[in-house]
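For reference, the chains in residue letters:
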Amino acid sequence: MSNTSDTVFLRPLADSDSLEELTDLLHRSYKALADMGLRYMATHQDIGITRRRISDGTCWVAVIGEQIVGTITYHNPAHTKGSPFMEHPEVAHISQLGVEPDFQRRGIATQLMNQAEKQARDDGASEIALDTAESAGHLIDWYKRAC
């Protein structure tokens, strides 16, 4: 029998959720990447940037109890931009995938990716794009396995 205190629920970010806490979660979840010398926006963005980055998408959060432990932002094909490939009408986009360090390696990122994939299918997208650093081989490998 599973412990209900460890049950992960996914839901859209609510107006009552703190963008400051979400921004702090992103900083913590991307810290290992910053320590590798990678300067992802989520390593240092402020609350205004967090707000802007989720404004044209759907920000999903993973919650255990009352604590937000993970997040992903999904952008439907109409709001996907950044490269010529991402601007194809059948391509959705994800960004800001992050999980609290103490909750990593528990499948939460996979659950968030699955939610984004479901939403992409519902939106008629045939592909999901993202961007990451070429030097982040471990992330590229994870995304390949997640497909």
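Residues numbered from 1 in each chain as written. Predicted model: local features only at pLDDT ≥ 70, side-chain atom pairs only at ≥ 80, totals over all residues. Heavy atoms only, no water.

(A) Structural detail: the pattern of salt bridges. The full count for this structure, using the stated rule, is four salt bridges. The partner of Asp 17 in a salt bridge is Arg 11, and the shortest N-O contact between them spans 2.7 Å. Arg 28 is paired through a salt bridge with Glu 100; the nearest N and O atoms lie 2.4 Å apart. Here Arg 28, found in helix H1 (residues 19-35), pairs with Glu 100, found in the loop between strand E4 (91-99) and helix H3 (108-122); they are 72 residues apart in sequence, far enough to count as distant. Among the residues examined, Glu 100 registers a relative accessible area of 9% and is labelled buried. (Salt bridge = Lys/Arg side-chain N within 4 Å of Asp/Glu carboxyl O. Helix = DSSP H or I, 4+ residues; strand = E, 2+ residues; numbered from the N terminus. Buried < 20%, exposed > 50% of the residue type's maximum accessible area, 1.4 Å probe, protein only.)

(B) Up close: the pairing of strand E3 (residues 67-75). The buried count for E3 comes to eight of nine residues, which makes it a mostly enclosed element. The pairing of strand E2 (residues 58-64) with E3 spans seven bridges and is antiparallel. From the neighbouring strand, Cys 59 faces E3, where its bridge partner is Thr 73. Between E2 and E3, which pair antiparallel one after the other, the connecting turn spans two residues, and Gly 65 there sits at a positive phi close to 65°. Two strands pair when backbone bridges link them, and E3 and E4 are joined in this way by five bridges, in the antiparallel orientation. For Gly 70, the partnering residue across the bridge sits in E4 and is Val 99. (Pairing = 2+ DSSP bridges.)

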